[in-house]
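Listed below, chain by chain, are the residues.
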Amino acid sequence: MIIVGPADDFNRDLASKIGASLVDMQRRVFPDGELCPRIKIKEEDQLKGEEVILSLRMPSKSCNPNSYLIEVLLTIRNLREHMGASNIQVIMPYFPYARQDNIFRPGEPLSAKYVANLLEEAGAERVYAVTVHLHRVGSFPGLFQKAQGVNVSGFPSLAQVLKRMDLVNPYIIAPDEEALVWAKEVAEYLGTDDYTAFIKERDVETGEIKTTIKEIDVKGRDAVVIDDIVSTGGTMANAVRAVKEMGARKVYSAFVHPVLVGNALDRIIGAGANEIIAADTLIWEGSKASVVDQLAEEIKGK
Ligand code: R5P
């Protein structure tokens, strides 16, 4: 088994945990934005007949899901058509376009499904992703027709870090009702029954967020606001501000995918977050939790 992907800590750790070797990649971007992702092979036939796992993460902050997707698709085709890899699996810890898993307004595309189909048409036989944001379609595997989709939870990695922090009488808060299931999971891990969800409405035209707050007894306690994705930071910041105003001692902002567009981080800190705990599903130097263990377990179990 060979992992193909940038030789960073994430891929080195994964390779060592699954007993694979690692072939580095060069992410070359031309001045006009076109990409030339190069697999740094020493011999022309180095990957011929090999089982390959392509492991690529999207950069946080400066992220561009479209470039990321093209990079993944070009590399899968290259592995299949020119490198002669025998079996191609792909790790995309943050699966882009997952939030468009429904046609919300007439004329919109069903992007989550189309992206899955592009990957399998390119030659991916299995796709691993972490906490895929699917609320309208049943499951991640259900997006694919030929390939196998594997959805790995990123919340255990956050919970493990939180557990080590000796939180004071923690209260776990989901910033919207979709996140309640994750708040419950983390609350169980931390051994508390205190978790709840606020209610969020987003204007589909403007993207503006309105959060309806529920009064909770967090005075003098540590509050953990938990979500899957932080993109603009609006959802998280609203919830953080509310629990801070209700008298929480410290507020921890915990999320799996640090997409962090623009000033998202400043918004969350400005709202009163004392600490940010995010997983390493995107390339971000501030990540304190790692999903490598969970991915390695899944890969070894297949
Ligand atoms: C959506 O429901 C997700 O779970 C997140 O709450 C959302 O993507 C966060 O977006 P933003 O950071 O832009 O508010």
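Throughout, a residue's number is its position along its own chain's written sequence, starting from 1. Under the rules for a predicted model, residues below a pLDDT of 70 receive no local features and side-chain atom pairs below 80 are neither given nor counted, while totals for whole chains, interfaces and linings still include all residues. As a rule here, side-chain values cover all heavy atoms of the structure and leave hydrogens and water aside.

A. Region of the structure containing the overall build of the protein chain. Across its full length, the protein chain carries 8 helices and 17 strands. Compactness check: the protein chain gives a C-alpha radius of gyration of 20 Å against a globular reference of 19 Å for 302 residues, within 12% of the reference. By its C-alpha atoms, the protein chain is 65 × 45 × 35 Å across when sized along the principal axes. When the 302 residues of the protein chain are sorted by exposure, 53% land in the buried category. Accessible area of the protein chain: about 13700 Å², with a carbon and sulfur share of 47%. Charge assignment in this entry is limited to Lys and Arg as positive and Asp and Glu as negative, and neither His nor the chain termini are counted. The atoms used to mark charge sites are NZ of Lys, CZ of Arg, CG of Asp and CD of Glu. Here the protein chain carries 35 positive and 43 negative side-chain charges, and the mean point of each set is 2 Å from the other. Strands here are runs of E lasting at least two residues and helices are runs of H or I lasting at least four, both read from the DSSP assignment and numbered beginning at the N terminus. Throughout, radius of gyration means the C-alpha value; the globule benchmark is 2.2 Å times the number of residues raised to the power 0.38. For every residue, the accessible area (1.4 Å probe, protein chains only) is compared with the maximum for its type, and the residue is labelled buried under 20%, exposed over 50%, or partly exposed between those bounds. Throughout, the Shrake-Rupley method with a 1.4 Å probe supplies accessible areas, and for residues the shown protein chains are the sole cover considered.

B. Structural view of the domain arrangement of the protein chain. By the assigned domains, the protein chain splits into domain 1 (2-154 + 290-300) and domain 2 (155-278). Note that the domain bounds reflect an automated or database-derived domain assignment. Between domain 1 and domain 2, the C-alpha centre-to-centre distance is 28 Å. Each partner contributes to the interface: domain 1 provides 17 residues, whereas domain 2 provides 19 residues. Summed over both partners, the accessible area lost on bringing two parts together, with a 1.4 Å probe, is the buried area. Taking both sides of the interface into account, the surface hidden between domain 1 and domain 2 amounts to around 1600 Å²; carbon and sulfur atoms contribute 54%. Counted as salt bridges are all cases of a side-chain nitrogen of Lys or Arg within 4 Å of a carboxyl oxygen of Asp or Glu. Between the two partners, domain 1 and domain 2, sit 1 salt bridge. We call two residues in contact whenever any of their non-hydrogen atoms come within 4.5 Å of each other.

C. Region of interest: unusual backbone geometry. Non-glycine residue Thr 131 carries a positive phi angle of around 35°. Take Thr 131: it is sitting in the loop between strand E8 (126-130) and strand E9 (148-152). Exposure remark for Thr 131: the relative accessible area of 7% places this residue in the buried category. At Asp 166, a residue that is not glycine, the phi angle is positive and equals roughly 50°. Looking at the element boundaries, Asp 166 is found in the loop between helix H4 (155-163) and strand E10 (171-174).

D. Here's a closer look at the sheet that holds strand E7 (residues 87-91). Spatial ordering of the open sheet is given by E2-E1-E5-E7-E8-E9, a layout of 6 strands whose pairing is parallel. Two strands close off the open sheet at either side, each with one partner strand: strand E2 (21-23) and E9. Direction aside, neighbouring strands of the sheet carry axes that sit 20° apart on average. Note: two strands are recorded as paired if DSSP finds a minimum of 2 bridges between them. Where strand E1 (residues 2-4) and strand E5 (residues 51-55) come together, 3 bridges link them in parallel fashion. Note on E5: the bridge partner recorded for Ile 2 is Val 52. For every element, the axis is a line fit to its C-alpha atoms; helices are fit only across the contacting stretch, and the angle between N-to-C directions ranges from 0 to 180 degrees.

E. Quick peek at the packing of H4 against helix H5 (residues 180-190). Packing of H4 against H5 leaves a shortest axis separation of 10 Å and a crossing angle of 40°. Regarding the angle of H4 to H5, the classification is oblique. H5 is crossed by H4, and the crossing has right-handed handedness. Residue-level inspection shows Phe 155, Pro 156, Ala 159, Gln 160, Leu 162 and Lys 163 of H4 in contact with H5, the latter providing Trp 182, Glu 185, Val 186, Tyr 189 and Leu 190. Under the convention adopted here, Pro, Cys and the residues Ala, Val, Leu, Ile, Met, Phe, Trp and Tyr are nonpolar, Asp, Glu, Lys and Arg are charged, and Gly plus all remaining residues are polar. For the contact of H4 with H5, a count of residues per class yields 8 nonpolar, 1 polar and 2 charged. Should an angle fall under 35 degrees it is called roughly parallel, over 145 degrees roughly antiparallel, and 65 to 115 degrees roughly perpendicular, with every other angle called oblique. Helix crossings are classified by the rotation of the near helix relative to the far one: an anticlockwise turn of less than a right angle makes the crossing left-handed, while a clockwise turn makes it right-handed.

F. Main features of the nonpolar core. To qualify as a nonpolar core, a set must consist of buried Ala, Val, Leu, Ile, Met, Phe, Trp, Tyr and Cys residues joined through side-chain atoms within 4.5 Å. Val 4, Leu 47, Leu 79, Phe 95 and Leu 119 are the most contacted members of the largest nonpolar core, which totals 43 residues. With 6 residues, the single largest contributor to this core is helix H2 (residues 65-81). When near neighbours in sequence (up to four residues on either side) are disregarded, Leu 47 contacts Ile 2, Val 4, Val 23, Ile 39, Ile 41, Val 52, Leu 79, Met 83, Gly 84 and Ala 85. One finds Val 161, Leu 167, Ala 174 and Ala 183 within the second-largest nonpolar core, a separate group that totals 39 residues.

G. Focus on the site of the ligand. Summary of the distance rule: residues count as near a molecule or strand when at least one heavy atom falls within 4 Å of that molecule or strand. Taken together, 16 residues lie near the ligand, and Asp 227, Asp 228, Ser 231, Thr 232 and Thr 235 sit nearest. Arg 99 has a polar side-chain atom sitting 3.0 Å from an oxygen atom of the ligand. Here Lys 200 contributes a side-chain N or O atom positioned 3.2 Å from an oxygen atom of the ligand. Taking 370 Å² as the accessible area of the ligand by itself, protein coverage stands at 95%. For the shell around the ligand, the elements supplying multiple residues, two or more each, are strand E12 (199-202), strand E14 (222-230) and helix H6 (234-245). Looking at the shell around the ligand element by element, the count peaks at 4 residues for E14. Grouping the amino acids of the shell around the ligand by side-chain chemistry returns 3 nonpolar, 6 polar and 7 charged. Here a polar contact means two N or O atoms within 3.5 Å. Within protein one must be a hydrogen donor candidate and the other an acceptor candidate, and residues neighboring in sequence count only if both atoms are side-chain atoms.

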